[in-house]
Amino acid sequence: MQELFDLFEEIGLPYFRQGSLSDEQYQPSFFTFWNIDTPNASFYDNHETRYIEYIQVGFYTNDAAKIYSVMDEFIKKAKERGFVVDGRAQDANADKENYFGRVCYLRIINKSED
């Protein structure tokens with residue numbers, strides 16, 4: 001998951017675990033993330049050797065001009081880092097008036113540490 005946090009920091013916007021924001025924490029633009037699942041992906045000699053983190057990433061902003069460009073930049077940089085991005089982002093509801101949202105789904109394939 002640290003690779004994802006590093007990507008958020010490279011882009012330079014705050015990020016939060018989905019559902020953890022209070023009204024006071026809303027920034028003009030920010031990312032959210034949610035780990036949907038973390039299944040084992042491959043096995044050798046009865047031990048897992050790889051696992052996959054399935055992550056939902058949301059981008060929210062009150063600046064309509066940024067809604068597509070920032071998420072497109074995120075997807076491009078995620079692919080450059082080796083993340084598997086499932087298609088393109090899609091619109092998402094924002095919980096706050098005058099905010100816009102986009103979400104995408106990505107996979108981070110990791111080696112098990114055993």
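Residues numbered from 1 in each chain as written. Predicted model: local features only at pLDDT ≥ 70, side-chain atom pairs only at ≥ 80, totals over all residues. Heavy atoms only, no water.

**Student:** Honestly, the overall build of the protein in this entry has me stumped. Any pointers?
**Tutor:** A tally of helices and strands in the protein yields 2 helices and 7 strands. Overall, the protein shows an N-to-C arrangement of helices and strands of α-β-β-β-β-α-β-β-β. C-alpha extents for the protein along the principal axes are approximately 55 × 25 × 20 Å. Of the contacts formed within the protein by residues at least 6 apart in sequence, a portion of 58% connects residues at least 24 apart. With an accessible surface of roughly 7100 Å², the protein has 43% of that area assigned to carbon and sulfur atoms. (Helix = DSSP H or I, 4+ residues; strand = E, 2+ residues; numbered from the N terminus. Contact = heavy atoms within 4.5 Å. Areas by Shrake-Rupley, 256 points an atom, 1.4 Å probe, with all protein chains shown as cover.)

**Student:** Explain the layout of surface pockets to me, please; I cannot follow it from the model alone.
**Tutor:** To find leftover empty space, one rolls a probe the size of a water molecule over the atoms. Roughly 180 Å³ of internal volume is contained in the largest pocket. Taken together, 16 residues line the largest pocket, and the ones lying closest to its centre are Gln-18, Gly-19, Leu-21, Tyr-26 and Asp-95. (1 Å grid on protein atoms, 1.4 Å probe; cavity = no way out; pocket = protein on both sides within 12 Å on 5 of 7 lines; lining within 4 Å. Points joined across faces, edges and corners; volume = space filled by probe spheres on them.)

**Student:** Where do I start with the pattern of salt bridges in this structure?
**Tutor:** Between side chains of opposite charge, pairing is possible as soon as their charged atoms come close. What the rule picks out here adds up to 5 salt bridges. Taking the shortest distance from any N to any O, the salt bridge between Arg-81 and Glu-10 comes out at 2.4 Å. Here the residue Arg-81 occupies a position in the loop between α2 (67–80) and β5 (84–85), and Glu-10 occupies one in helix α1 (residues 2–11), the gap between them amounting to 71 residues. For Arg-81, a relative accessible area of 38% corresponds to the partly exposed category. (Salt bridge = Lys/Arg side-chain N within 4 Å of Asp/Glu carboxyl O. Buried < 20%, exposed > 50% of the residue type's maximum accessible area, 1.4 Å probe, protein only.)

**Student:** Which parts of the structure should I look at to understand the environment of Gln-56?
**Tutor:** Position of Gln-56 among the secondary structure elements: in strand β4 (residues 47–61). Between the C-alpha atoms of Gln-56 and Thr-32, which are 24 residues apart in sequence, the distance is 8.1 Å. Other than its neighbours up to four places away in sequence, Gln-56 contacts Thr-32, Phe-33, Trp-34, Ile-36, Val-103, Cys-104 and Tyr-105. Side-chain polar atoms of Gln-56 contact the side chain of Tyr-105, separated by 3.1 Å. (Polar contact = N/O pair within 3.5 Å; in protein donor to acceptor, adjacent residues only side chain to side chain.)

Honestly, that's just the spatial picture; any functional story needs more than this.
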